[in-house]
Amino acid sequence: MSQLSEIGRSASVQGRVIHALLMREILTRYGRHNIGFLWLFVEPMLFTTGVTLLWTLARSVHGSNLPIVAFALTGYSAVLLWRNMPARCIGAIEPNLSLMYHRNVRVIDIFLARLILEGGGATISFVSLALFYISIGWLEPPEDVLTIATGWVLIAWFGASLAVFLGALSEKSELVEKIWHPLSYLTFPLSGAAFMVDALPAEAQRYVLYVPMVNGVELVREGYFGAHIHAHYDIPYLVGCCAVLTLLALAQVAVANREITPE
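Residues numbered from 1 in each chain as written. Predicted model: local features only at pLDDT ≥ 70, side-chain atom pairs only at ≥ 80, totals over all residues. Heavy atoms only, no water.

Looking at the environment of Ala256
Here Ala256 is to be found in helix 9 (residues 235-260). The exposure class assigned to Ala256 is buried, which follows from its relative accessible area of 2%. Taking the C-alpha atoms as reference points, Ala256 and Leu169, separated by 87 residues in sequence, lie 8.0 Å from one another. (Helix = DSSP H or I, 4+ residues; strand = E, 2+ residues; numbered from the N terminus. Buried < 20%, exposed > 50% of the residue type's maximum accessible area, 1.4 Å probe, protein only.)

This is the structure in structure tokens:
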């Protein structure tokens, strides 16, 4: 019983640490002026809306007869979820080194605070835009919210594990930051945001599903459109990729902790 009590106290302390880091991150990034922390989800909403309008005006070809607004919303929102997390975690350790002198602050706490902010912002943006578009008649309500949530959580898991791995690795080399930015844009066409797997040739379908994000996006779209589409995904493969990446990330965080923890 005493051991459970000790675990509970430790969890409570770390919870307060992460909450404090969250507040610090919000104030540092968004300040107290204008709309402040509301930019956390207004910014991704503006990006997603802009892309949606551009795709609509350009009458983009996306390999299906699905409404372009729904197609853009489900695709680009997912991109913001997994792509923004690494961008915020890369280089996050150095500006927070002074905090490491506090015994209860660890590298993983810095990452978790930023991941919660990015994941929360992208999620609020996705839900708010979906509700708004449904209310004005641009979208039909989703077919299966639980399937959407499952796909969304898996995409978030992939983005978070990738973010922690690259964030810890960036402490060793500046090349991580320089490589990630162009790579994140180059991977956009392969992420499944701008196409349906079913529209690709059979041979291409097999290979494109090796890209983890594609499986998550397809699952989200199956939840949204239901029987109107034929989604292709491999959940065990996506979970396996996330699990392996999580183990690599935690191992790299342990290395970073050893290297930067004050004597």
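So, next bit.
Quick word on the pattern of salt bridges
Where charged atoms from two side chains of opposite charge approach closely, those side chains can pair. Going through the model one piece at a time under the given rule, you end up with two salt bridges. With its nearest N and O atoms 3.1 Å apart, the salt bridge here joins Arg88 to Glu118. Of this pair, Arg88 sits in helix 3 (residues 68-89) while Glu118 sits in helix 4 (residues 107-135), and the two are 30 residues apart along the sequence. When the shortest N-O distance is used, the salt bridge between Glu203 and Arg206 registers 2.8 Å. Here Arg206 and Glu203 lie together in helix 7 (residues 202-208), a separation of three residues that amounts to about one turn. (Salt bridge = Lys/Arg side-chain N within 4 Å of Asp/Glu carboxyl O.)

A short note on the environment of Leu97
The residue Leu97 is located in the loop between helix 3 and helix 4 in this model. In this structure Leu97 comes out as partly exposed when scored by relative accessible area, which is 32%. C-alpha separation for the pair Leu97 and Ile110, spaced 13 residues apart in sequence, amounts to 10.0 Å.

Focus: helix 3
Counted at 1.5 Å a residue, the expected span for helix 3 with its 22 residues is 32 Å, and the 32 Å between its end C-alpha atoms agrees. Most pronounced at Arg83, the bend in helix 3 amounts to some 25 degrees, and the proline Pro86 follows within four residues. Among the 22 residues of helix 3, 19 are classified as buried, and the element is accordingly described as predominantly covered. Taken from the residues just after helix 3, Gly91 is the one with a positive phi, measuring 80 degrees. (Expected span 1.5 Å × (residues − 1). Bend = angle between axes of the 7 residues up to and from the residue.)

Some remarks on the side chain of Ser184
Locating Ser184 in the fold gives a position in helix 6 (residues 175-186). A relative accessible area of 4% means that Ser184 is categorised as buried. From its side chain, Ser184 meets the backbone oxygen of His181 in a polar contact 2.7 Å long. When near neighbours in sequence (up to four residues on either side) are disregarded, Ser184 contacts Trp82 and Arg83. (Polar contact = N/O pair within 3.5 Å; in protein donor to acceptor, adjacent residues only side chain to side chain. Contact = heavy atoms within 4.5 Å.)

Treat this as a map of the structure, not an account of what it does.
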